[in-house]
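Residue-level structural notes
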Amino acid sequence: MYLMLFAFCLVLPLTLFMIDASATLQTSVKPLLVATNQGDRDLSIIDPVTAKQLATVPEGGITGHEVATSPDGKTAYVPIYGNSGVGKPGTDGHEMVVIDIASRKVTGKVDFGHGVRPHCPVYDRASGMLYVTTELDQTVTIIDPKTLQIVGTVPTGQKESHMLVVSRDGKRGYTSNVGAGSVSVLDLPGRKTIAVIPISPEAQRIAISNDDRMVFTSDQTKPQLAVIDTTTNQLKTWVPLPGVGYGTSPTPEGRLLLVVIPKSNLLVAVDLATLKVVHSVTVADDPVKVLAAPDGKVAYVSCSKAKQIAVVDLSQWKVNSLIDAGAGVDGLAWAAPATHPLGPHSHRQPDPGKHL
């Protein structure tokens, strides 16, 4: 009996220590923000808690515009677009680099076999596939992120399919086709184009509401935002903006759509119930991309010419801080496990051509 009691007294503290260590390990996993720097040709790794850049990772190509991350927050995917703006003369990128965030190294590549100007990656958690817009082929390329093998393509039927969003169930994709001024609606499992929706002479960027009912793209000829009804695949209405819009991102609770206005250095918010602009704040020079934090408290805005990322308080509508990044800072993505309280809130990840 004494021996059993003695053994129990030895084992219990060890067990409690192991449980506590495990809990500490889980809670110590920190979410990170990653950003592509077109001018510096590298990827910034940023601590969103301290609002500081921790490191940069050379991409080894000219140049990455957009980035997506794996659901476990360990890997970043950066297509290497080329040295031109969309639809303009220049080099034609033909590969995507894979970056291990912990070691801060390029650990893999996907070669598309020829120049395609790969641009916007989206990691779809529903299918487990990685989708990348491949402009010159007028397609979206499907990549298995486990093997880094190309497993198929989806035609867009339009030139300059620059940006992509995917519905939560992974069944529908929507591309903004810049020079064509349209949005292509894609059947991703069926690998075909369902519809092409005319928007304007030129359209840029794209976002999808959290309930998948609306898709948004910015008219580049007028200060207005196109709202597409995904049930009918038709243009529903226009939202007047205080300037020509660009990058967009819904807030996590789905109430607002954030829109950057590059020439006015503004971030504005559209109320998705009334489809009217209800908030506005001035940020740093040349905002091109916005990403709402998963907890909905702040938004991060890439300010390309300023080489900074503005941190905007979404309750007070003021800039809390400016994070120094690289030249031509552009694409943004969260790198954190989905179970982390500050991890990604959806599979969407959710540029300068104006911007490259």
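I will try to describe carefully the structure that is included in this document. These numbers were taken from a predicted model, which means no experiment stands behind them. (Residues numbered from 1 in each chain as written. Predicted model: local features only at pLDDT ≥ 70, side-chain atom pairs only at ≥ 80, totals over all residues. Heavy atoms only, no water.)

With that settled, consider the overall build of the chain. For the chain, the count of helices and strands is 1 helix and 28 strands. Residues counted as buried form 58% of the 356 residues belonging to the chain. Here the chain displays about 14700 Å² of accessible surface, and carbon together with sulfur accounts for 56% of that area. (Helix = DSSP H or I, 4+ residues; strand = E, 2+ residues; numbered from the N terminus. Buried < 20%, exposed > 50% of the residue type's maximum accessible area, 1.4 Å probe, protein only. Areas by Shrake-Rupley, 256 points an atom, 1.4 Å probe, with all protein chains shown as cover.)

The biggest cluster of nonpolar side chains holds 25 residues, and the ones touching the most others in it are Tyr131, Leu164, Tyr174, Ile199 and Ile206. At the level of secondary structure, the elements contributing two or more residues to this core comprise strand 8 (118–124), strand 9 (129–134), strand 10 (139–144), strand 12 (161–166), strand 14 (182–187), strand 15 (192–198), strand 16 (203–208) and strand 18 (224–229). In terms of residues, this core owes the most to one element, strand 12, which gives 4 residues. Not counting residues within four places of it along the chain, the set of residues in contact with Ile206 comprises Met163, Leu164, Val165, Tyr174, Thr175, Ser176, Val183, Val215, Phe216 and Thr248. (Core = buried A, V, L, I, M, F, W, Y, C linked by side-chain atoms within 4.5 Å. Contact = heavy atoms within 4.5 Å.)

Once that is clear, we can look at the pattern of salt bridges. On inspection of all chains with the given rule, the structure shows 7 salt bridges. Taking the shortest distance from any N to any O, the salt bridge between Asp47 and Lys30 comes out at 2.7 Å. Linking Asp47 in strand 2 (residues 42–47) with Lys30 in the loop between helix 1 (2–27) and strand 1 (32–37), this pair joins segments that are 17 residues apart in sequence. Of the residues examined, Asp47 reaches a relative accessible area of 2% and is grouped as buried. (Salt bridge = Lys/Arg side-chain N within 4 Å of Asp/Glu carboxyl O.)

The subject of this paragraph is the sheet that holds strand 1. As a general point, the strands of a sheet are linked pairwise by backbone hydrogen bonds and lie either parallel or antiparallel. Spatially, the 4 strands line up as an open sheet ordered 3-2-1-28, and their pairing is antiparallel. Looking at the sheet topology across the chains shown, the edges are occupied by strand 3 (52–58) and strand 28 (329–335). Pairwise comparison of adjacent strand axes, ignoring direction, gives a mean angle of 25 degrees for this sheet. As paired elements, strand 2 and strand 3 share 6 bridges and run antiparallel to each other. (Pairing = 2+ DSSP bridges. Axes fitted to C-alpha atoms, helices over the stretch in contact; angles between N-to-C directions.)

Here we come to the pairing of strand 13 (residues 172–177). Taking burial as the measure, the 6 residues of strand 13 include 5 buried ones, the bulk of the element. The sheet contact formed by strand 12 and strand 13 spans 5 bridges and is antiparallel. Within strand 13, the position partnered with Ser161 by the bridge is Asn177. Between strand 12 and strand 13, which follow one another and run antiparallel, lie 5 residues, and Gly170 among them has a positive phi close to 75 degrees.

This part covers the sheet that holds strand 22 (residues 266–271). Strand order in the open sheet formed by 4 strands is 20-21-22-23, with antiparallel pairing between adjacent strands. Every other strand in the sheet has two partners, leaving strand 20 (248–250) and strand 23 (276–282) as the edge strands with one partner each. Averaged over neighbouring strand pairs, the angle between their axes works out to 20 degrees when direction is ignored. Bridge count for strand 22 against strand 23 is 6 bridges, and the pairing is antiparallel. Across the sheet, Ala269 pairs through a bridge with His279, a residue of strand 23.

In short, the description is geometric, and any link to function would need to be established separately.
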